[in-house]
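The residues making up each chain are set out below.
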Amino acid sequence: MNQKIFFIIGIPTVLMAIISIGMPFYCRSILNQAGQKLLPLVRKKQIISHWVTPILSYLLVILPFFINMGRFGMIIPYCGVVGLYIVLKESSFAPDSGVYEKLLINSSTIVKYESIKELPEEPQANVLIITNKKNQKIQLIFDNPNEALEVLNVLKEQMKV
């Protein structure tokens, strides 16, 4: 029983505490590296999901004690940890979305200019697909095609392409 409590409640709770405490510091360090904001991006506020999801994440930690889920009982709390990380990263970076001197922040996606290998000639509707130096495609979704085009122009200007 003690091992069950340790693996199902102890470790996820510690991980959630580390994520909750560390995310503001991580956000601040990224913004310090970014430089001056050149182009702000429009972001819709999702207040309800940013309050409801962390609460549900913490409930996932204690759920296996009330409902017998068999082998999934060990996995569910860790899903809560991942969900909390995603929501906290999104809510931390979404207000600061924009094109900066050294990087681009689009909601929770952070792209440093030095890691960009290839920019598209023009955006596809409101989507901008960037290839990084690891040949991975990064898909950035904007509110409208004009915003995607503005971001592409600023990126080309900053990277001197």
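Our subject is the structure listed above.
As the structure is a prediction and not an experimental result, all values here were calculated from the model.

For the rest of this paragraph, the subject is a nonpolar patch on the surface. The grouping of Trp 51, Val 52, Ile 55, Leu 56, Leu 59, Ile 62, Phe 66 and Ile 67 at the surface amounts to a nonpolar patch, some 840 Å² of accessible area in total. Assignment of secondary structure puts Leu 59 in helix α2 (residues 47–66).

In this section: the packing of helix α1 (residues 2–34) against helix α3 (residues 76–93). Closest axis-to-axis distance for the α1/α3 pair is 9 Å, and the angle between their directions is 15°. Our classification of the angle between α1 and α3 gives roughly parallel. Handedness of the crossing formed by α1 with α3: right-handed. From α1, Phe 7, Ile 8, Ile 11, Pro 12, Leu 15, Met 16, Ile 19, Ser 20, Met 23, Tyr 26, Cys 27 and Ile 30 reach across to α3, where they touch Pro 77, Tyr 78, Gly 80, Val 81, Leu 84, Tyr 85, Leu 88, Lys 89, Ser 92 and Phe 93. In terms of residue class, the contact of α1 with α3 is built from 18 nonpolar, three polar and one charged.

So, on to the pairing of strand β7 (residues 137–141). Here β7 shows a clear split, with Ile 138 and Leu 140 buried on one side and none of Lys 137, Gln 139 and Ile 141 buried on the other. Pairing of strand β6 (residues 127–132) with β7 involves five bridges; the strand directions are antiparallel. For Val 127, the partnering residue across the bridge sits in β7 and is Ile 141. A loop of four residues connects β6 with β7, the two strands running antiparallel in sequence, and Asn 135 in this loop sits at a positive phi of about 60°.

Quick look at the environment of Ser 20 now. Summarising the element assignment, Ser 20 is placed in helix α1. Judged by its relative accessible area of 29%, Ser 20 is partly exposed. In this view, Ser 20 contacts Tyr 58, Leu 84 and Leu 88; residues no more than four positions away in its chain are not counted. Within the structure, the side chain of Ser 20 is placed 2.8 Å from the backbone oxygen of Met 16, a separation counted as a polar contact.

This part takes up the sheet that holds strand β4 (residues 109–112). If you trace the four strands from one edge of the open sheet to the other, you get β1-β2-β3-β4, paired in antiparallel fashion. Bordering the open sheet on either side are β1 (37–40) and β4, each of which pairs with just one other strand. Averaged over all pairs of adjacent strands, the angle between their axes in this sheet comes to 15°, without regard to strand direction. Note: strand β3 (residues 103–106) against β4, four bridges, orientation antiparallel. Paired with Ile 105 across the two strands is Ile 110, which belongs to β4. The strands touched by helix α4 (residues 145–159) are β1, β2 (98–100) and β3; relative to β1, the strand with the most contacts, the crossing angle is about 165°.

So, how was this worked out
Residues numbered from 1 in each chain as written. Predicted model: local features only at pLDDT ≥ 70, side-chain atom pairs only at ≥ 80, totals over all residues. Heavy atoms only, no water. Patch = residues over 30% accessible without salt bridge, like charges linked within 9 Å, V, L, I, M, F, W, Y side chains within 5 Å. Areas by Shrake-Rupley, 256 points an atom, 1.4 Å probe, with all protein chains shown as cover. Salt bridge = Lys/Arg side-chain N within 4 Å of Asp/Glu carboxyl O. Helix = DSSP H or I, 4+ residues; strand = E, 2+ residues; numbered from the N terminus. Axes fitted to C-alpha atoms, helices over the stretch in contact; angles between N-to-C directions. Parallel < 35°, antiparallel > 145°, perpendicular 65-115°, else oblique. Left-handed = near helix turned anticlockwise from the far one by under 90°. Contact = heavy atoms within 4.5 Å. Nonpolar A, V, L, I, M, F, W, Y, C, P; charged D, E, K, R; others polar. Buried < 20%, exposed > 50% of the residue type's maximum accessible area, 1.4 Å probe, protein only. Pairing = 2+ DSSP bridges. Polar contact = N/O pair within 3.5 Å; in protein donor to acceptor, adjacent residues only side chain to side chain.

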